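Residues per chain are reported as follows:
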Amino acid sequence: MNLKTKALTKSIWAFHVSAGSCNNCDIEILDCLTPRFDIERFGIQLIGSVRHADVLLITGAMNRKSVPLMKRIYEQAPKPVFVVAVGICACSQNMFKDSYNVCEPLDKILPVDVYIPGCPPKPEAIISGIVKMVNKFKDKNK
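These notes cover the structure that comes with them. Bear in mind the structure is a predicted one, so any value in this text is a computation, not a measurement. (Residues numbered from 1 in each chain as written. Predicted model: local features only at pLDDT ≥ 70, side-chain atom pairs only at ≥ 80, totals over all residues. Heavy atoms only, no water.)

**Describing the sheet that holds strand β2 (residues 44-46)**
As summarised here, the arrangement of the 5 strands in space is β2-β1-β3-β4-β5, forming an open sheet in which the pairing is parallel. In this open sheet, the two strands that pair with only one neighbour each are β2 and β5 (114-116). Mean inter-strand twist for the sheet, computed between neighbouring axes without regard to direction, equals 25°. Relative to strand β4 (residues 82-86), strand β3 (residues 55-59) is paired through 5 bridges, and the arrangement is parallel. Across the sheet, isoleucine 58 pairs through a bridge with alanine 85, a residue of β4. Strands β1 (12-18), β2, β3 and β4 of the sheet are contacted by helix α2 (residues 24-31), whose axis makes an angle of about 140° with β3. (Pairing = 2+ DSSP bridges. Helix = DSSP H or I, 4+ residues; strand = E, 2+ residues; numbered from the N terminus. Axes fitted to C-alpha atoms, helices over the stretch in contact; angles between N-to-C directions. Contact = heavy atoms within 4.5 Å.)

Below is the structure:
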């Protein structure tokens, strides 16, 4: 395991992107930062710039206006970057599937590495999904 791989498994910087969600998933992501769940004890930290991100946490169903923005955000992130679909809307569009403004699922636009279903997913599920992503990253780089 090289130095960069080791660093990414110990300190993960996540950038949160809302693609038009109802804010329930956003609230649960922020709930992960509270002292009750304290996601920072695992080395995971929300950051304000996509140019420093290791992980993109994406919530909401992809609508026509968010698709070009999402592609641009993904291109700006340093590689390797992992995409995590948080919530059932980001995973499968759920009730917005046949809406006039929703175009295609997130995995048709960006390569999704981890799916965290739920409406909204609990903080425990979000933490579990990110831990699975870290394990996937370790297995990939052995």
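There is more to say after this.
**Here we look at α2**
Residues of α2 that are buried include every one of Cys25, Asp26, Glu28 and Ile29, and no others. Taken around the axis of α2, the buried residues stretch over an arc of 160°, which confines them to a single face. Within α2, the exposed residues directed more than 90 degrees away from the buried face are Ile27 and Leu30. (Buried < 20%, exposed > 50% of the residue type's maximum accessible area, 1.4 Å probe, protein only. Arc of directions from axis to C-beta.)

**Observations concerning the environment of threonine 34**
Checked against the element boundaries, threonine 34 lands in the loop between α2 and β2. Classification of threonine 34 by relative accessible area gives partly exposed; the value is 27%. Considering only alpha carbons, one finds threonine 34 and aspartate 54, 20 residues apart in sequence, at a separation of 21 Å. A polar contact of 2.7 Å, which involves the side chain of threonine 34, links it to the backbone oxygen of aspartate 31. (Polar contact = N/O pair within 3.5 Å; in protein donor to acceptor, adjacent residues only side chain to side chain.)

**Overview of the packing of aromatic side chains**
Summed over all chains, the structure comprises 0 aromatic pairs. Sitting over the face of the ring of tyrosine 74, lysine 79 holds its NZ or CZ atom 4.4 Å from the ring centroid. (Phe/Tyr/Trp six-rings, centres within 6.5 Å; stacked < 30°, edge-to-face > 60°. Lys NZ or Arg CZ within 6 Å of the ring centre and 35° of its normal.)

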